[in-house]
Each structure stands twice: as C-alpha cells, then as structure tokens.
Amino acid sequence: GGMTLHSWSGIGIRESLSRADVDRIAGKEHVARRIQKAKVLIIEEISMLSAATFEMADAVCREVRRTEKPFGGLTVILVGDFFQLPPVSRGGEVEFAYASRVWKELNPIICYLTEQYRQDDAAFLSVLSAIRSGNVEELHYEELKARHRSPAELPPDAPKLFSHNADVDR
C-alpha cells in the first residue's frame, strides 16, 4: 500500500511550491485525509530525494496538520544510503535532503548499519566497498573483469538491468 512521497503529499513532480500551491494541495480532501490519518511517515531511498522536494512535502504536512513542527508532527523514518543513488533531477545542481532546513529541524537520530547481509562473497564485497568509498584499485578492476561474460555465455533467463524505462519496455 506504499506510494511515492510525491503522490502521498500531493506535490506531484513540481520543483517548487508557492504559498498558494501549498494551500491548494492541502485543501484537497483525499490528500488532507491521508496526511491527517498518518501517524508515521516512512521515506525509503531518502538519498534520491532532493532538499527542495523534502521541504515541499514538509510544507504540505505542516499546513494540513496546522502545526509548525517538522512534517506536521508526524514521526518520520528515513531509510537509505547516501553513498548510493543521488537525488533525481532534471539537470543542474541538486542538494541532498540532509542539506535542507527541515532535516536540521527534524534532527534525526542516525543509525548506521554495519553488517552486510546481501553479499557473502568476500572478493565481490571488497569490490562493492571500494566503489562505495571511492577507493577502487587495479585489483578491484581485475575482480570485475574475471566475472565478465559475453551475452552468448549467459543463460536465457539471466536478469537484465536497464537504466531507462524505454529500454525496459523494449
């Protein structure tokens, strides 16, 4: 039953909101009901959310819930890894959510996860950790090259990764 923060808060794909926009969105019955009814807001992939989008969602929540507390007093749980995907943008400089005024007001308790559960191949984990920290060395390149397969060598049901929806659709 989850949805994007953009849909949940009613902000859509806007890049900014005027005061009138906030009032209009907060006045939509289905948006107001959803925000009023919520007790906890969980935002996954927080690294992909720009500071501007984070602040727009906050503004709507404050308006609907009629309080100046961050996100209208909702308990907010932010999940994600800022070493992974950056904020989605249409070009230009974009600030991460943690650079926003709202992040500072929320003053979140940060929990760092240190155990790696998705990967138990030590050599590959070393490559992933090097990429994550920006410390890739020749041995990491060699490890990746050793794993490379031509398309002809892959089983027909091998997963395929695409960076664009058009390629997925095709």
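Before reading on, note that the structure itself is shown above.
Residues numbered from 1 in each chain as written. Predicted model: local features only at pLDDT ≥ 70, side-chain atom pairs only at ≥ 80, totals over all residues. Heavy atoms only, no water.

## Considerations on the overall build of the protein chain
Piece 1. What the protein chain contains, in helices and strands, is 8 helices and 2 strands.
Piece 2. Scaling as 2.2 N^0.38, a compact globule of 170 residues should have a C-alpha radius of gyration of about 15 Å, whereas the protein chain reaches 20 Å, well beyond that.
Piece 3. Principal-axis analysis of the C-alpha atoms gives the protein chain an extent of 60 × 40 × 30 Å.
Piece 4. Going through the 170 residues of the protein chain one by one, you find that 26% of them count as buried. (Helix = DSSP H or I, 4+ residues; strand = E, 2+ residues; numbered from the N terminus. Rg over C-alpha atoms; globule rule 2.2 N^0.38 Å. Buried < 20%, exposed > 50% of the residue type's maximum accessible area, 1.4 Å probe, protein only.)

## Considering the nonpolar core
Piece 1. In terms of nonpolar packing, the biggest core is built from 25 residues, with Trp8, Ile43, Phe54, Phe71 and Leu74 touching the most fellow members.
Piece 2. Elements supplying a minimum of two residues to this core: helix H1 (5-9), helix H2 (19-26), helix H3 (29-37), strand S1 (40-43), helix H4 (51-65) and helix H5 (101-106).
Piece 3. Leave out the neighbours within four places in its chain, and Phe71 touches Leu41, Phe54, Ala57, Asp58, Cys61, Arg62, Arg65, Val76, Val102 and Leu106. (Core = buried A, V, L, I, M, F, W, Y, C linked by side-chain atoms within 4.5 Å. Contact = heavy atoms within 4.5 Å.)

## A short note on the pattern of salt bridges
Piece 1. Inspection of every chain in the model, using the stated rule, returns 15 salt bridges.
Piece 2. Among the salt bridges present, the one from Glu105 reaches Arg101, with a minimum N-O distance of 2.8 Å. Residue Glu105 and its partner Arg101 are located together in helix H5, separated by 4 residues, close to a single helical turn.
Piece 3. By relative accessible area, which is 38% here, Glu105 ends up partly exposed.
Piece 4. For Arg101, a relative accessible area of 41% puts it in the partly exposed group.
Piece 5. What emerges from the salt-bridge pattern is a single network uniting Asp58, Arg62, Glu68, Arg101 and Glu105. (Salt bridge = Lys/Arg side-chain N within 4 Å of Asp/Glu carboxyl O.)

## Observations concerning the pairing of S1
Piece 1. Every second residue of S1 is oriented toward a common face, the buried set being Leu41 and Ile43 and the non-buried set Val40 and Ile42.
Piece 2. Looking at chain direction, S1 and strand S2 (residues 75-78) are connected through 4 bridges and run parallel. Across the sheet, residue Ile43 finds its bridge partner in S2, namely Leu78.
Piece 3. Chirality of the crossover, the property in question, places the unit of S1, H4 and S2 among those that are right-handed. (Pairing = 2+ DSSP bridges. Right-handed = clockwise from strand over helix to strand, strands pointing away.)

## Notes on the packing of H2 against H4
Piece 1. At their nearest, the axes of H2 and H4 sit 9 Å apart, and the two run at 60 degrees to each other. In terms of orientation, H2 lies oblique with respect to H4. Classified by chirality, the crossing of H4 by H2 is right-handed. Note on element contacts: H4 touches H2 through Ala59, Val60, Glu63 and Val64, opposite Arg19, Val22, Asp23, Ile25 and Ala26.
Piece 2. A class-by-class count of the residues in the contact of H2 with H4 yields 6 nonpolar, no polar and 3 charged. (Axes fitted to C-alpha atoms, helices over the stretch in contact; angles between N-to-C directions. Parallel < 35°, antiparallel > 145°, perpendicular 65-115°, else oblique. Left-handed = near helix turned anticlockwise from the far one by under 90°. Nonpolar A, V, L, I, M, F, W, Y, C, P; charged D, E, K, R; others polar.)

## With respect to the packing of helix H6 (residues 122-133) against helix H7 (residues 138-147)
Piece 1. Contact geometry of H6 with H7 gives a least axis separation of 9 Å together with a crossing angle of 125 degrees. Here H7 runs oblique to H6, going by the angle between their axes. Read as a crossing pair, H6 and H7 show a hand that is left-handed. In contact with Ala123, Phe124, Ser126, Val127 and Ala130 of H6, H7 contributes His140, Glu143, Leu144 and Arg147.
Piece 2. Per-class residue counts for the contact of H6 with H7 are 5 nonpolar, 2 polar and 2 charged.

## Here's the deal with the packing of aromatic side chains
Piece 1. Within the structure shown, the criterion is met by 7 aromatic pairs.
Piece 2. Ring plane angle 55 degrees and centroid distance 5.2 Å describe the contact between Phe54 and Phe71, whose orientation is recorded as tilted. Placement of the pair is Phe54 in helix H4 and Phe71 in the loop between H4 and S2, with a sequence separation of 17 residues.
Piece 3. Considering the side-chain rings of Tyr98 and Trp103, the 6.4 Å spacing of their centres and the 75 degrees angle between planes classify their relative orientation as edge-to-face. (Phe/Tyr/Trp six-rings, centres within 6.5 Å; stacked < 30°, edge-to-face > 60°.)

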